[in-house]
Amino acid sequence: MSCYWSSSPGSCCWHPSSFSKAIVILVDALRYDFTVPFTPKDGETAHHYHNALPFLYATAVKQPNNAFLLPFIADPPTVTLQRLKGLTTGTLPTFVDAGSNFAGTAIDEDNLIAQLRTAGKNVVHLGDDTWHALFPDYFDPDLTRPFDSFNVWDLHTVDNGVNEHLFPLLHPTNISKWDVVIGHYLGVDHAGHRYGPDHPAMTAKLQQMNGVFHDLVNAVDNETLVVVMGDHGMDSKGDHGGESDDEIEAAIWMYSKKGIFGRTSVSSLTPPATAKERPVAQIDLVPTLSLLLGLPIPFNNLGRPIDEAFIGAKGSDIGNLALANRVTSAQIHRYQYEYAQARGLSDESRSTSLDAWTKLTEIWDLNQRVILPGGQDWKGIYTAAVEYQTATLEICRALWARFDVVSMLHGVEVLALGLVALVVYARGINGDRTELTPLLLIRATIGTVAGIVVGLTLGLSIPQFQLIHATVYCTAIGGLLGLATGFYHIRNRLQSPIPSSAWSWTSLMLPVALSAGFAANSFTIWEDEILLFFLNTFGVLLFLSSFRQKSPVDRTIGCTQSIAFTVLTRLASLSRLCREEQMPHCRSTYYASANSSTSATWQLTIPFILTLALPAVIKTYFAQTLSYQHSATFMVGFILRLGLALTALFWTLDAADDGEWFGGSTQAYLKTVKVFVAQVVLAIGLAAGYATFGWAAPLLNIREERNSSATELRSASQPIETGEGEAKSSIIILGYANVHGSRYLLLFIPWLVAVILLQKPMGGGAIGILAWQVLSLLEIIDANQLADTPVGPVVLGLLGSFHFFKTGHQATLSSVQWESAFIPLHYIRYPWSPLFVMLNTFGAQILCAIAVPATVLWKAPPKKKGLLGDVAKAMATHILFYALINLATTMWAGHLRRHLMLYRIFSPRFMVGAIVLLIVDLVGILVAVGGTRWSFMSVADVFGWSSVQ
Amino acid sequence: MSTSSTTTTTKPALPQDSPQPTNTPITLLNTPLAQTYTHIHPILLLSIYTARFSATVADPVSSLSQLAVVTAVLQSVYAVTCLPPTSEGSATKNAEGASSASNGSGGKWTKKPARTATRKGSLGARIWPATLSLLLTPPLALPPLTALAILLGAPLTTHFPHTLLLSLHLALLSAFPVLYTHGVSARTWRGVLGLMRPVDEVVGGALGALLGAWLGCVPVPLDWDRDWQAYPVTLVTGAYVGYVVGKVAGGTVMRGWVVSFD
């Protein structure tokens, strides 16, 4: 037992090193089925990613003593930074760390690279610069070559850079300059992100890698170990991040000229046909590499040595294998002992592990003490060690998902109280909110400040309280208490927020049903279809309600627009991106095929159809109230049309770039030109569009009528009798009836242009449909006199959530379209790149939030009192919709924290809910309500009203 | 047409505007047979549906096709024995109009004044309207109900026979009795579609069937792996259960109530 506590190499029980040098090649997203020959079953034909990288398999079969190939299973989240942590420390990741893929912080746990440095090895790194965020200053500064890792549209820069610097290092003149080379190729991953695995670009990339490995094997010497591995796989569209089988199944291949590898049985002579057979875990790399290089195993490793590397060339060296496993077990045991001490874990919670350890110790001691008949029982030691490692890992997997239940309860409490406050503000106040809002805001601010003070005091003075937890919780509760005193102050203005009409009941019950459904994984998986169902239920109800209208005009508009609304919803629903759990009952249409992330050729027509149709459609809605004049003609007829035309040009150039329509030098210009085009669209849309919105006069015109024949104009206009003598002549203000609605709606267009640009062609089509639906909804609401009901804000909430799915998203990490950051930029640039990804992901919710004030303002009487208060009420109702969903998904994720599907379904949905609520809060208050005020001021200016509200 | 009835139960106030000629609930025929059969009918419908349930699960298309014939016969018997036929057009009028109805202008022809008085008392005077309503139900009600199902998310490219059968059953349960009792005039149907008619056995049954089918969607996505979860079994089941509940409630406790949206 004495050497069990000793971790220095070379001491009594340490494992002798097999290699002095190593080349570790990481091929990002190298899925296992890329590396094994394709065997067709039930008529399936080979995909582009099949049979393109035969070298690894061929060497493992032909020279089993020199090479082996195995499935290499990643622990989710399958993002590169998390995987690098796992591959170097040997520990299990925690899920929430995934967010830090984009801002890696240095590893402070013990790890392979640190052990290499401590052992005096010179480590060279080439490729993906993520390593430098994790291991700052660990690598040889002269030979190391980092490359930017996030430009997913660039397939070749990193790979060519690694090749350019890797092969010179293998030259005999340079061989003494390094001990370990880490090369990280990104081309396969980027080809997956950009095109999906089933694309000729993937074939080309895998063939290139095949050539690289071939040359590498020819170049290395006897003393060098070569490891090739993937850090994760990719899903059918080439993305990753989650825990589906395709995402976690990577490959590992080890090669050496020494010929010391073997197989434990005859059945394992050839590499497994699928990743389901004989897989090894990615954490197993850590002990394997440590022992092969004669290094101490990093302290917090939980992996175990890979059998093939230690069983010996003849496959009979069970003694070596048993020793390797016994050493690793000792390290794990030491780690577990420390961990249990630090965490105060009881022995019962890890009893299976402790029992297995006792068994291992007994059999080991027995073998040490007495010579057994027939030699030492290595097989027994090996079995006992493997049993111990398996039991320990199992406990750690269960144990390490640690939940801070107190924080979770406090969070749910704050969200629930916040929801109550929002309910009171949105539905429980009688009359105009405009004059009450400052009072409530002041009270809430005072409460918040008091909460901060109390929280800081408690956190600093009472040692049991965590400072951050206490401060955050007290701040939130303080703000809510302040708001509560405000509500008490205006108590005579409060009314029951309980729905009183069928419309408000429907608007309440459908979101409640949706929220309740998030408790079941099936309803969460099928959210897109449920939203279609609920939206069109609303559409049908609005259609029926339109029959009740007395005015034939209202009836006709209500009926036709609700038919348009429901048909458009169903049309948009044809754009689908299926999540893995929806298979096989779902067929993706968002991309060219289920194995692709590029658009099909026919989808290229969508931006052109949008260019022709969308401005014309929007124009008719302005024209109905004679509001299509002045700035509206510029905004819709020029900014929108040009923005859409250039977006269509962008996607054509993109297709030309992808498909390599032109050869040679033209090809190089394409990329520059298309990015420039995208930047022009943003400039036209957001900059020119916002300027137009800012300076636009109300969309009015004046016409003098000599007779009263133009009666048809009157419904939408305001006749002012001049009344002098003749009485036949009158001045008509065209567009007066919808002066607020049309003026405000100008704000929608700049955002529409920006969001459509950042979507794929199919998503642009969905957003175009969304715009049309918003306008028809405004007409329906006006025809049915529903401006004061929650119908508009709630339908917009459903609509925003629905089009989130129709723009190619799902509540999963892997469906985030990171590549949209590269539509208007060549490189990652902060803060723009995250903003573009946000506009791509949550564009639908953002547009719907901006449309909320229009539900109140559309055709509202221009001099109606308290319009701004009504807008605040509508916006609060809209936010209420997302707040309800956020509360529900948070509660369910907390309640189901031991559910098998927590990380796969409930946690991602909870995260989406929280982010959406935050974005809708910001956009709703800053963009929409702010825009409403601005639009009111411009209207009031013209009519000389001191203020409309 | 579906969820509104959850929220209908407000006040028995009559709507302000009254586009439909009659604003009173349908009264059952005053015969002992009518008073008896109206209670037997829902039991009969549900019993047959339950008896055929496993066959429906096993082979929805053929089972629901056969069941549609049975339901059509039962609904006709129910109409003839229990319900008063439409008073707006006589049997002869309907016969004349049948040809023009088939080319889609169903609303116009009943506006002509009735030439002969309907003899509500005689059985023969009810068989004609029942037959005509039954014949008109598919062309008038199937297209909008199928469109409704597809709009609400029924598969567009697959399962078309299933969707059609779902719509057929819905049409027999909801549209047929309304056609028989209210005729086809545009004004009446504006009242029916606007949910402005007071609730009675017929309107209650129609709303119940549609709401039942709506609620029948709920179990479809659940991962219970049961055969009966397959589309459209739960929807048709919901329609039958909803029809019976709605018919009974509409004839008793909810009779005379009017849907109020505001």
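Here the structure is a predicted model, which is why all the values come from computation and not from measurement. Position labels on residues start from 1 in each chain and follow its written sequence. Ligands are numbered from 1 and chains lettered from A, in the order in which they are written. Confidence filtering applies because this is a predicted model: local features only for residues at pLDDT of at least 70, side-chain atom pairs given and counted only at 80 or more, and all residues used for totals across whole chains, interfaces and linings. Excluding hydrogens and water, the side-chain values take into account all heavy atoms of the structure.

(A) Layout of the overall build of chain B. Each helix and strand counted, chain B has nine helices and zero strands in total. When its helices and strands are written in sequence order, chain B yields α-α-α-α-α-α-α-α-α. When burial is assessed residue by residue, chain B has 54% of its 262 residues classed as buried. Whether two residues are in contact is decided by their heavy atoms: any pair within 4.5 Å suffices. When contacts within chain B are restricted to residue pairs at least 6 apart in sequence, those whose partners lie at least 24 apart make up 81%. A total of about 11400 Å² of accessible surface is found on chain B, and carbon and sulfur atoms cover 68% of it. Every helix listed is a DSSP run of H or I at least four residues long, and every strand listed is a run of E at least two residues long, numbered separately from the N terminus. Exposed residues in this analysis have more than 50% of their type's maximum accessible area, buried residues have under 20%, and partly exposed residues fall in between, with area computed by a 1.4 Å probe over protein chains only. Values of accessible area rely on a 1.4 Å probe in the Shrake-Rupley scheme; residue burial ignores everything except the protein chains shown.

(B) Examining the state of the cysteines more closely. All names here are of chain A. Our working definition of a disulfide is a cysteine sulfur pair at a distance within 2.5 Å. For the structure shown, the criterion picks out one disulfide over all chains. Residue Cys578 pairs covalently with Cys586 via a disulfide, S to S 1.9 Å. Here the S-S torsion is close to -75 degrees, and the disulfide linking Cys578 with Cys586 is therefore left-handed. Each member of the pair, Cys578 as well as Cys586, carries the same accessibility label: buried.

(C) Region of interest: the side chain of B:His169. All names here are of chain B. With respect to the helices, strands and loops of the structure, His169 is situated in helix H6 (residues 160-182). With relative accessibility at 0%, the residue His169 sits in the buried group. Identification of polar contacts relies on pairs of N or O atoms within 3.5 Å, with a donor-acceptor requirement for protein atoms, meaning one able to donate a hydrogen and the other able to accept it, and with residues adjacent in sequence counted only if both atoms are side-chain atoms. In this structure the side chain of His169 is engaged in a polar contact, spanning 2.8 Å, whose partner is the side chain of Tyr240. The residues contacting His169, other than those within four sequence positions of it, are Leu64, Leu67, Ala68, Thr71, Val236 and Tyr240.

(D) Spatial organisation of the interface of chain B and chain A. In this complex, chain B contributes 29 residues to the contact, which on the side of chain A involves 29 residues. When two parts are brought into contact, each loses some accessible area as probed by a 1.4 Å sphere; the total of that loss over both is the buried area. Taking both partners together, chain B and chain A bury about 2700 Å²; carbon and sulfur atoms supply 67% of that area. The salt bridge criterion pairs a side-chain nitrogen of Lys or Arg with a carboxyl oxygen of Asp or Glu, the two atoms within 4 Å. One can count zero salt bridges joining chain B with chain A. The interface formed by chain B and chain A holds nine residue pairs in polar contact (both at pLDDT 80 or more) in total. Listed by contribution, the elements that provide at least two residues to the side of chain B that touches chain A are helix H5 (124-151) and helix H7 (186-193) of chain B. For the side of chain B that touches chain A, the leading source of residues is H5(B), giving three residues.

(E) Seen up close, helix H15 (residues 405-427) of chain A. Residues and elements named next belong to chain A. An ideal rise of 1.5 Å per residue puts 33 Å on 23 residues; H15 measures up with 32 Å between its terminal C-alpha atoms. Looking only at H15, the buried set comprises Val412, Leu419, Ala421, Leu422, Val424, Tyr425, Ala426 and Arg427. Summarising the contacts, the buried residues of H15 are in contact with helix H16 (436-461), helix H17 (467-489) and helix H30 (867-895). Given a helix with a known number of residues, its expected span is that number minus one, times 1.5 Å.

(F) Spotlight on the UniProt feature "transmembrane region" (unreviewed entry) in chain B. Following the UniProt record, one finds the feature "transmembrane region" (unreviewed entry) at residues 127-154, 160-181 and 202-222 of chain B. Across residues 160-181 of chain B, helical content stands at 100% and strand content at 0%; the span's end C-alpha atoms are separated by 30 Å. UniProt positions are given in the numbering used here, feature names are shortened, and annotations may be inferred rather than shown by experiment.

(G) Fine view of the sheet that holds strand S5 (residues 180-185) of chain A. Residues and elements named next belong to chain A. The criterion for strand pairing is that DSSP finds at least two bridges linking the strands in question. Overall, mixed pairing links the eight strands, which are arranged S4-S3-S5-S1-S6-S7-S2-S8 in an open sheet. Two strands lie at the open edges of the sheet, namely strand S4 (145-147) and strand S8 (280-281), each paired on one side alone. By the bridge criterion, two bridges tie strand S2 (residues 67-73) to S8 in an arrangement that is parallel. Note on S8: the bridge partner recorded for Phe72 is Val280.

(H) Representation of the packing of helix H29 (residues 832-857) of chain A against helix H31 (residues 902-943) of chain A within the structure. All names here are of chain A. Helix axes are fitted to C-alpha atoms over the stretch in contact, other axes to C-alpha atoms as well, and angles between N-to-C directions run from 0 to 180 degrees. H31 packs onto H29 with a crossing angle of 40 degrees between their chain directions and a minimal axis gap of 8 Å. Considering their axes alone, H29 and H31 lie oblique with respect to each other. Where H29 crosses over H31, the two elements pack in a sense that is right-handed. In this structure, H29 contributes Met838, Phe842, Gln845, Ile846, Ala849, Ile850, Pro853 and Leu857 to the contact, and H31 contributes Val912, Ile915, Val916, Ile919, Val920, Val923, Val927, Ala928, Thr932 and Phe936. Here the residues of the contact of H29 with H31 are counted per class, giving 16 nonpolar, two polar and no charged. Here the angle decides the label: under 35 degrees means roughly parallel, over 145 means roughly antiparallel, 65 to 115 means roughly perpendicular, and every other value means oblique. Crossing handedness is defined as follows: a turn of the near helix away from the far one that is anticlockwise and smaller than a right angle gives a left-handed crossing, while the clockwise case is right-handed. Think of it as three bins: nonpolar holds Ala, Val, Leu, Ile, Met, Phe, Trp, Tyr, Cys and Pro, charged holds Asp, Glu, Lys and Arg, and polar takes everything else, Gly as well.

(I) Structural detail: the pattern of salt bridges. All names here are of chain A. Under the counting rule described, the total for this entry stands at 27 salt bridges over all chains. Ionic pairing is found between Asp657 and Arg194, a salt bridge with its closest N-O pair at 3.5 Å. Remark: Arg194 occurs in helix H7 (residues 187-195) and Asp657 occurs in helix H23 (residues 631-659); sequence separation between them is 463 residues. The residues Asp657 and Arg194 share a single accessibility class, namely buried. In this structure, the salt-bridge partner of Lys859 is Asp782, at a minimum N-O distance of 3.8 Å. With Lys859 in the loop between H29 and H30 and Asp782 in helix H27 (residues 761-783), this residue pair connects regions lying 77 residues apart in the sequence. Taken together, the shared-partner salt bridges connect Arg194, Asp654, Asp657, Asp658 and Lys674 into one network.

(J) Main features of unusual backbone geometry. All names here are of chain A. With an omega of 0 degrees, the peptide bond between Met583 and Pro584 qualifies as cis. Residue placement: Pro584 occurs in the loop between helix H21 (552-572) and helix H22 (605-623). In this structure, Pro831 follows Tyr830 across a cis peptide bond, with omega equal to 0 degrees. Along the chain, Pro831 turns up in the loop between helix H28 (791-806) and H29. Phi is positive for Leu626, close to 55 degrees, though the residue is something other than glycine. Not every positive phi belongs to a glycine, and Lys859 is a case in point at roughly 60 degrees. Taking relative accessible area as the criterion, Lys859 reaches 21% and is therefore assigned partly exposed.

(K) Spatial organisation of the environment of A:Ile879. Residue and element names in this part refer to chain A. Position of Ile879 among the secondary structure elements: in helix H30. Residues Ile879 and Leu419, 460 residues apart in the sequence, show an inter-C-alpha distance of 9.5 Å. If near-sequence neighbours (up to four positions away) are discounted, Ile879 is found in contact with Leu422, Leu917, Val920 and Asp921.

(L) Local environment of the pairing of S5(A). All names here are of chain A. Among the six residues in S5, six count as buried, and that is most of the element. The alternating pattern of S5 places Val180, Ile182 and His184 and Val181, Gly183 and Tyr185 on opposite faces, both of which are buried. Sheet topology places strand S1 (residues 21-27) next to S5; six bridges connect them, and they run parallel. For Ile23, the partnering residue across the bridge sits in S5 and is Val181. As judged from the five bridges shared by strand S3 (residues 123-128) and S5, these two strands associate in the parallel manner. Pairing of Gly127 across the sheet is with His184, part of S5.

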